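Geometric and topological summary
So you can see what is in the structure, the chains are spelled out below.
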Amino acid sequence: RTAEGAAALDSAARMLPAIDPLSPGAQSIAFGLHAQICVGRPRQLRDEVLALESAAREAGGYGLMPYYLLLAADAGYRIGEWPDAERDIDEAVASAEYSAQRGPLSIALVVRARLHAVRGRREAARADIDAAIDAAEPAGYGSTVLWAQAASGFLALGRGDAEAAIDDLEGVEQ
């Protein structure tokens, strides 16, 4: 039902220009737009959340920066714009740390871990995976813990350790 999903996402995206980028509604729409990845439109996601990020920054909404930047970075990672994605994710991590936002911090660390992994920086990837889990578990962000475990499986695959990858990814499946 990809076409139905894409149509719903298009409807949500049409709301963006009229919504205050600092409102909870904008944040909710941005997270909903993350599904652009599922319908094969990561470029559109990146463009939409960067527009929100720019508007929020202009309005002084620095507390929302981690959300918008981590989504933009995830989309950038998926379309191969790794230097831009790394710039965005580093800013998302720093902003989330500064504002003590555990949710966006834990997600941003997973995105950054995947970027490190794909660029062959295994130790940095492992450190971010562990930090993401440390931030997510006490807050009860179980889905982020699972996403971090999936990133660990991706990292294991990258170093040729299929057994470790299977262990990590089977843990995510359950």
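Structural data are supplied above this passage.
Structure report, in brief. Note that this is a predicted model, so its numbers are computed, not measured. (Residues numbered from 1 in each chain as written. Predicted model: local features only at pLDDT ≥ 70, side-chain atom pairs only at ≥ 80, totals over all residues. Heavy atoms only, no water.)

**Focus on the nonpolar core**
Core analysis: the largest hydrophobic core is formed by 48 residues, its most contacted members being Leu 33, Tyr 68, Leu 70, Ile 89 and Ile 129. Those elements that place two or more of their residues in this core are helix 1 (2–15), helix 2 (24–33), helix 3 (42–58), helix 4 (65–78), helix 5 (82–98), helix 6 (102–118), helix 7 (122–136) and helix 8 (142–158). If we skip the residues at most four places from it in the chain, Tyr 68 touches Pro 21, Ala 26, Gln 27, Ala 30, Val 49, Leu 52, Glu 53 and Ala 56. (Core = buried A, V, L, I, M, F, W, Y, C linked by side-chain atoms within 4.5 Å. Buried < 20%, exposed > 50% of the residue type's maximum accessible area, 1.4 Å probe, protein only. Helix = DSSP H or I, 4+ residues; strand = E, 2+ residues; numbered from the N terminus. Contact = heavy atoms within 4.5 Å.)

**Digging into the packing of helix 2 against helix 4**
Viewed as axis vectors pointing N to C, helix 2 and helix 4 meet at an angle of 15°, and their least axial separation amounts to 10 Å. Classified by the angle their axes make, helix 2 and helix 4 are roughly parallel. Once helix 2 is placed against helix 4, the crossing between them reads as left-handed. Packed against helix 2, whose contacting residues are Ala 26, Gln 27, Ala 30 and Phe 31, the element helix 4 presents Tyr 67, Tyr 68 and Leu 71 at the interface. Tallied by class, the residues present in the contact of helix 2 with helix 4 amount to six nonpolar, one polar and no charged. (Axes fitted to C-alpha atoms, helices over the stretch in contact; angles between N-to-C directions. Parallel < 35°, antiparallel > 145°, perpendicular 65-115°, else oblique. Left-handed = near helix turned anticlockwise from the far one by under 90°. Nonpolar A, V, L, I, M, F, W, Y, C, P; charged D, E, K, R; others polar.)

**Examining the packing of helix 4 against helix 5**
Two elements in contact, helix 4 and helix 5, have axes whose closest approach is 8 Å; the angle formed by their N-to-C orientations is 155°. In terms of axis orientation, helix 4 runs roughly antiparallel to helix 5. Both helix 4 and helix 5 take part in a crossing whose hand is left-handed. Contact with helix 4, carried on its side by Met 65, Pro 66, Leu 69, Leu 70, Ala 72, Ala 73, Gly 76 and Tyr 77, involves Trp 82, Ala 85, Asp 88, Ile 89, Glu 91, Ala 92, Ser 95 and Ala 96 of helix 5 and no other residues of that element.

**As for the environment of Ser 99**
By the element assignment, Ser 99 lies in the loop between helix 5 and helix 6. Spatially, the C-alpha atom of Ser 99 lies 8.9 Å from that of Tyr 62, the residues being 37 residues apart in sequence. A distance of 2.7 Å separates a polar atom in the side chain of Ser 99 from the backbone oxygen of Ser 95. Here the side chain of Ser 99 touches Gln 101 through a polar contact of 2.7 Å, side chain to side chain. (Polar contact = N/O pair within 3.5 Å; in protein donor to acceptor, adjacent residues only side chain to side chain.)

**Brief notes about a negative patch on the surface**
A contiguous patch of negative charge, built from Glu 163, Asp 167, Glu 170 and Glu 173, is present on the exposed surface. Residue classification places Glu 163 among the exposed residues on the basis of a relative accessible area of 62%. (Patch = residues over 30% accessible without salt bridge, like charges linked within 9 Å, V, L, I, M, F, W, Y side chains within 5 Å. Areas by Shrake-Rupley, 256 points an atom, 1.4 Å probe, with all protein chains shown as cover. Salt bridge = Lys/Arg side-chain N within 4 Å of Asp/Glu carboxyl O. Lys, Arg positive; Asp, Glu negative; His and termini not counted. Charge placed at Lys NZ, Arg CZ, Asp CG, Glu CD.)

**Focus: the side chain of Gln 101**
Residue position: Gln 101 is located in the loop between helix 5 and helix 6. Among the polar contacts listed, one links the side chain of Gln 101 to the backbone oxygen of Gly 63, at a separation of 2.9 Å. Residues contacting Gln 101, with those up to four places away along its chain left out, are Gly 63, Pro 66, Tyr 67 and Ala 96.

**Quick notes on the pattern of salt bridges**
Per the stated rule, a full pass over the model turns up 18 salt bridges. A salt bridge links Asp 88 to Arg 46; the nearest nitrogen and oxygen atoms lie 2.8 Å apart. Of the two residues, Asp 88 is situated in helix 5 and Arg 46 in helix 3; the sequence distance between them amounts to 42 residues. Judged on exposure class, the residue Asp 88 and its partner Arg 46 are both buried. Residue Glu 86 is joined to Arg 121 by a salt bridge in which the shortest nitrogen-to-oxygen separation is 2.0 Å. You can see Glu 86 sitting in helix 5 and its partner Arg 121 sitting in the loop between helix 6 and helix 7, a full 35 residues away along the chain. What makes Glu 86 buried here is its relative accessible area of 15%.

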